Amino acid sequence: MYKHVTTLTEFVVASERKQKEATGSFTLLLTHIENAAKIIASHVKRSGLADILGKTGTTNAYDEEVQKLDEFSDKLLFDMLSDSGQIGYLGSEEKEDVLCVNKKGKYNVFFDPLDGSSNIDVNINIGTIFSIYHNDGDVLREGRVQVGAGYVLYGPSVMFVYSSGAGVNGFTLDPSIGSFLLSHENIIVPQNKNYYSINDGNYELFENSMKEYLTSIKKEEKPYQSRYVGSMVADVHRTLLKGGIFMNPSNKKRPDGKLRLLFEVNPFAYLMEQAGGSAVSGKISPLDIKPQSLTQRTPIVMGSKNEVKKYLTFI
Ligand code: P6P
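Residues numbered from 1 in each chain as written. Predicted model: local features only at pLDDT ≥ 70, side-chain atom pairs only at ≥ 80, totals over all residues. Heavy atoms only, no water.

Undergrad: Teacher, can you tell me more about the UniProt feature "binding site: Mg(2+) 1" (unreviewed entry) in the chain here?
TA: This chain's UniProt record puts "binding site: Mg(2+) 1" (unreviewed entry) on Glu93, Asp112 and Leu114. In terms of the greatest pairwise C-alpha distance, the residues named above, spread along 22 residues, form a tight cluster of at most 9.2 Å across. Here Glu93 is in contact with Phe111, Asp112, Pro113, Arg260, Phe263 and Glu264, once residues within four sequence places are set aside. Among the structural elements, Asp112 can be located in strand E3 (residues 107–115). By relative accessible area, which is 1% here, Asp112 ends up buried. (UniProt positions renumbered as here; feature names shortened; annotations may be inferred. Contact = heavy atoms within 4.5 Å. Helix = DSSP H or I, 4+ residues; strand = E, 2+ residues; numbered from the N terminus. Buried < 20%, exposed > 50% of the residue type's maximum accessible area, 1.4 Å probe, protein only.)

Below you can see the structure in the form of structure tokens.
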């Protein structure tokens, strides 16, 4: 008996139909991101083989020049997004400058083609992150005005998670038919969860307020449990689904934190708020920061609303 499942394409088209002024441009843009995700996913799944099959430095068994996966993903996203015909400006975390594809293009997209790529050779989850703005000529806009954001998580299964301002929905790739199927409808972040996600190795470099917070949550009646992959897409995906608090704060060596405002923090802060969670850089939302440069970094704490609220009592 066939049970109806909703594909990502059907979902996006249905969402477009709810927007009376929609022209199909956003749908076309998202479809290009989806197709790039499927191609990257197929290469990520084979990445473990590249060494065996590509070590000769010539071509591998797939008759492809062996490239670093993040360079490959970056070029693929640039090319596919440029070809979508919907792009004004494109920014990649791998590039120093934005590329103007078409001054009159409808959307600006910032992406991190393969975040956490240092984990590829140990087979740990990695991801693609994207952030979408209307093109009004100013490429350095506050994250608050994003019109969409999402990520692709390359893990035991491949997931495409995004929001265009009406909640967050997750789609899992069915490799047998090559379609992303709606698997996590209307993701809501639990308001509380005793998971904390941070690189404890930087403890001695943290500000005293962060040290006091971390000490306090481990002394609670139900001590907080550490969950840290070291790959942002994996850590924030778990936080979206199970709750808890993800932190990459400033420290003495990195006063502005490590993560990029435009490419990593804003898209996830947007998703977190859309899913009923919250995100702060210091005491304000990162979404309200006017970027001064493309590569600007910012400290970030995000997750369950009440967990972030508790953290803020220490600031
Ligand atoms: P730390 C991976 O290099 C990354 O950009 C994110 O994916 C991850 O959350 C973060 O850096 C890890 O940072 O401070 O633990 O090395």
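Undergrad: Teacher, can you tell me more about the side chain of Ser250 here?
TA: When you line up the elements, Ser250 lands in the loop between strand E11 (245–248) and helix H7 (261–274). Those residues within four positions of Ser250 in sequence are excluded, and the remaining contacts are Phe206, Glu207, Pro255, Gly257 and Pro299.

Undergrad: How should I be thinking about the packing of helix H2 (residues 25–45) against helix H4 (residues 69–82) in this particular structure?
TA: Helix-helix packing: each pair is described by the crossing angle between the helix axes and the interaxial distance. The geometry of H2 relative to H4 is characterised by a closest axis approach of 10 Å and an angle of 155 degrees between their N-to-C directions. Judged by the inter-axis angle, H2 sits roughly antiparallel to H4. The two elements H2 and H4 cross, and the hand of that crossing is right-handed. Listed contacts from H4 to Leu29, His32, Ile33, Asn35, Ala36, Ile39, Ile40, His43 and Val44 of H2 are Leu69, Phe72, Ser73, Leu76, Leu77, Met80 and Leu81. The residue makeup of the contact of H2 with H4, split by class, is twelve nonpolar, four polar and no charged. (Axes fitted to C-alpha atoms, helices over the stretch in contact; angles between N-to-C directions. Parallel < 35°, antiparallel > 145°, perpendicular 65-115°, else oblique. Left-handed = near helix turned anticlockwise from the far one by under 90°. Nonpolar A, V, L, I, M, F, W, Y, C, P; charged D, E, K, R; others polar.)

Undergrad: Would you take a moment to explain a nonpolar patch on the surface for this structure?
TA: A contiguous nonpolar patch, built from Val122, Ile124 and Val229 and spanning about 210 Å² of accessible area, is present on the exposed surface. Structurally, Ile124 can be placed in the loop between E3 and strand E4 (126–134). Note on Ile124: relative accessible area 33%, which makes it partly exposed. (Patch = residues over 30% accessible without salt bridge, like charges linked within 9 Å, V, L, I, M, F, W, Y side chains within 5 Å. Areas by Shrake-Rupley, 256 points an atom, 1.4 Å probe, with all protein chains shown as cover. Salt bridge = Lys/Arg side-chain N within 4 Å of Asp/Glu carboxyl O.)

Undergrad: Would you mind showing me how to read the confidence of the model for the chain here?
TA: Low-pLDDT portions of the prediction should not be read for the details of their coordinates. A residue-level look at the chain finds 94% of positions with pLDDT of 70 or above and a mean pLDDT of 92. Across residues 52–62 the pLDDT falls below 50, and counting only partners more than four positions away or on other chains, this stretch makes 16 contacts in the model. (pLDDT = per-residue confidence, 0-100.)

Undergrad: For this particular structure, what's the right way to read the UniProt feature "binding site: substrate" (unreviewed entry) in the chain?
TA: When the UniProt feature table is mapped onto this chain numbering, "binding site: substrate" (unreviewed entry) sits at Asp115, Gly116, Ser117, Ser118, Asn199, Tyr228 and Lys258. Within the element layout of this structure, Ser117 appears in the loop between E3 and E4. Take Ser117: its relative accessible area is 21%, and that puts it in the partly exposed class. In terms of polar contacts, Ser117 uses its side chain to reach the side chain of Asp70, at 3.3 Å. Its place among the elements puts Lys258 in the loop between E11 and H7. (Polar contact = N/O pair within 3.5 Å; in protein donor to acceptor, adjacent residues only side chain to side chain.)

Undergrad: Quick question: what am I supposed to make of the site of the ligand here?
TA: Looking at the ligand, there are 13 residues lining it, with Asp115, Asn199, Tyr228, Met232 and Lys258 nearest. A distance of 2.8 Å separates an oxygen atom of the ligand from a polar atom in the backbone of Met232. Expressed as a share of its isolated accessible area of 400 Å², the protein-covered part of the ligand is 80%. A breakdown of the residues in the shell around the ligand according to their chemical character gives four nonpolar, six polar and three charged. (Near = heavy atom within 4 Å.)

Undergrad: Any chance you could explain the pattern of salt bridges here in plain terms?
TA: Two side chains that carry opposite charge are able to pair once their charged atoms sit near each other. Tallied over the full model, the rule gives 13 salt bridges. Close ionic contact of Glu142 with Arg141 constitutes a salt bridge, the shortest N to O distance being 3.9 Å. Members of the salt-bridge network, linked through shared partners, are Asp136, Arg141 and Glu142.

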